Amino acid sequence: MTVRPQRLRRSQLSVPGVSEKMILKASQSAADHVFLDLEDAVAPSAKAGARKTIVGALNGLDWGHKTRCVRINDVTTPWCFEDIIEVVEGAGRNLDTIMLTKATRAADVQFVDLLLGQLEAKLGLERPIGIEVLIEETKGLQNAEAIASSSPRLEALILGMGDYSASQQMNLRTIGANGEGYPGDVFHYPRFRVAMVARAAGLDPVDGPFANFRNEEAYERECRRALTLGFVGKWAIHPAQIAPALAVFSPTREDVARARNLAGAYAKAVAEGIGSVNVDGVMVDAASIRIISNTIRKADLIGM
Ligand code: COA
Ligand code: MG
């Protein structure tokens, strides 16, 4: 089994690949992950120029510990193969992952995987470039299992709610909007499915965009919904969305301290031959410890 790189994805910041100013700002931001966009945030006439801007930024800027990702156009467009070739030939050593848009089947991901393999061999790149996939078509959600097991390079499945809602012809006004006349979370099913399929395949589930960037309260609510279902983070389309996502997707210091205490108390009980214990009126057993160990793993990754 392949060992996937463990990366933080609490906040994944989207940056139009045409804007040197925004790219510089993104490189200096607190986001865990930045993806430089060649797809929807770049007009068709500007795509070729954006590739050059992105290569320059990957090679020229200090990205700190951030994951550096480029979002490419989907496999049905005339841009996909050249997006990959130009970016990897130009900046393959300074690139961590490629994000594939609008995947509908395993073969879409395998196209990217094969091309990356050829480029890595040609360029002598020793560190494999990972793939993150957007589930944002009804067909993609339908074929999510096949997509999730399509390549050992896969690291994350992202629910792209803007295109997804268009693909299903949902009646929503803004990208990622929720609660407009629907009793409950309108994205509950796709969120649950993406989280479940991603976890079963050992991938990170990531929640997509929320366009109304001035509405921090609603953004935070969407982060919490995603967190509860097991997502590791959410996109930011504006710097104002970075801090709220980092806060929601990080355990609190109290949570971590409690988790470590409980794990210690339980280990002691087990050593004495006891499998379930009463901690302040709540039963703690092996399953509780499994839940707690998720918090500890997250805290270790963050360095808490
Ligand atoms: N990444 C980095 N910097 C960004 C940014 C982003 N995604 N969005 C805004 N900024 C910068 C602005 O350049 C501005 O910088 P300044 O203070 O140095 O001038 C600052 O943050 C404040 O921006 P603001 O004036 O509030 O917004 P705006 O009108 O400049 O931009 C959007 C609004 C929506 C056009 C912009 O946020 C954007 O393009 N977001 C990304 C869109 C995208 O990637 N879509 C595809 C994925 S869904
Ligand atoms: Mg999209």
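Residues numbered from 1 in each chain as written. Chains lettered and ligands numbered in written order. Predicted model: local features only at pLDDT ≥ 70, side-chain atom pairs only at ≥ 80, totals over all residues. Heavy atoms only, no water.

A. Region of the structure containing the pattern of salt bridges. Enumeration over the complete set of coordinates arrives at 27 salt bridges. Salt-bridge contacts for Glu-222 lead to Arg-225; the nearest nitrogen and oxygen are separated by 3.1 Å. Of this pair, Glu-222 and Arg-225 both sit in helix α9 (residues 216-228), separated by three residues, roughly a single helical turn. Judged by relative accessible area, Arg-225 falls into the partly exposed class, the value being 27%. One salt-bridge network, in which partners are shared between bridges, spans Asp-185, Arg-191, Asp-207, Arg-221, Glu-222, Arg-225 and Lys-234. (Salt bridge = Lys/Arg side-chain N within 4 Å of Asp/Glu carboxyl O. Helix = DSSP H or I, 4+ residues; strand = E, 2+ residues; numbered from the N terminus. Buried < 20%, exposed > 50% of the residue type's maximum accessible area, 1.4 Å probe, protein only.)

B. Structural detail: the coordination of the magnesium ion (ligand 2). At the metal site, the magnesium ion (ligand 2) is ligated by Glu-136 (OE) and Asp-163 (OD), and these contacts range over 2.0 to 2.1 Å. Here the residue Glu-136 occupies a position in the loop between β5 (130-135) and α5 (138-142), and Asp-163 occupies one in helix α7 (residues 161-167), the gap between them amounting to 27 residues. Residue Asp-163 is classed as partly exposed on the basis of its relative accessible area of 22%. (Donors = N, O, S within 2.8 Å, 3.2 Å for Na, K, Ca; no water.)

C. Structural detail: helix α3 (residues 80-91). For α3, which comprises twelve residues, the first-to-last C-alpha distance of 16 Å matches the rise-based estimate of 16 Å (1.5 Å per residue) to within 8%. Of all the positions in α3, only Cys-80, Asp-83, Ile-84, Val-87, Val-88 and Ala-91 are classed as buried. Seen end-on, α3 carries its buried residues on one side only, within an arc spanning 100°. Buried residues in α3 make contact with α2 (47-60), β3 (67-72) and α4 (106-123). (Expected span 1.5 Å × (residues − 1). Arc of directions from axis to C-beta. Contact = heavy atoms within 4.5 Å.)

D. Spotlight on the packing of helix α11 (residues 253-271) against helix α12 (residues 286-302). Where α11 contacts α12, the two axes come as close as 9 Å, and the packing angle between them is 135°. Between α11 and α12, the angle is such that the two are oblique. Relative to α12, α11 is oriented so that their crossing is left-handed. Residues Asp-255, Val-256, Ala-259, Arg-260, Leu-262, Ala-263 and Tyr-266 of α11 form the contact with α12, whose own contacting residues are Ala-286, Ile-289, Ile-292, Thr-295, Ile-296, Ala-299 and Asp-300. Residue classes in the contact of α11 with α12 are distributed as ten nonpolar, one polar and three charged. (Axes fitted to C-alpha atoms, helices over the stretch in contact; angles between N-to-C directions. Parallel < 35°, antiparallel > 145°, perpendicular 65-115°, else oblique. Left-handed = near helix turned anticlockwise from the far one by under 90°. Nonpolar A, V, L, I, M, F, W, Y, C, P; charged D, E, K, R; others polar.)

E. Examining the site of ligand 1 more closely. Around ligand 1, a shell composed of 15 residues is seen, among which Ser-14, Lys-21, Met-22, Ile-237 and His-238 lie nearest. One of the side-chain N or O atoms of Lys-21 is found 2.8 Å from an oxygen atom in ligand 1. Within the contact set of ligand 1, an oxygen atom lies 2.7 Å away from a side-chain nitrogen or oxygen of His-238. Relative to its unbound accessible surface of 890 Å², ligand 1 loses 63% to contact with the protein. (Near = heavy atom within 4 Å. Polar contact = N/O pair within 3.5 Å; in protein donor to acceptor, adjacent residues only side chain to side chain. Areas by Shrake-Rupley, 256 points an atom, 1.4 Å probe, with all protein chains shown as cover.)

F. Up close: the domain arrangement of the protein. Domains assigned within the protein are domain 1 (11-248) and domain 2 (253-302). Distance between the C-alpha centres of domain 1 and domain 2: 34 Å. (Domains from an automatic or database assignment.)

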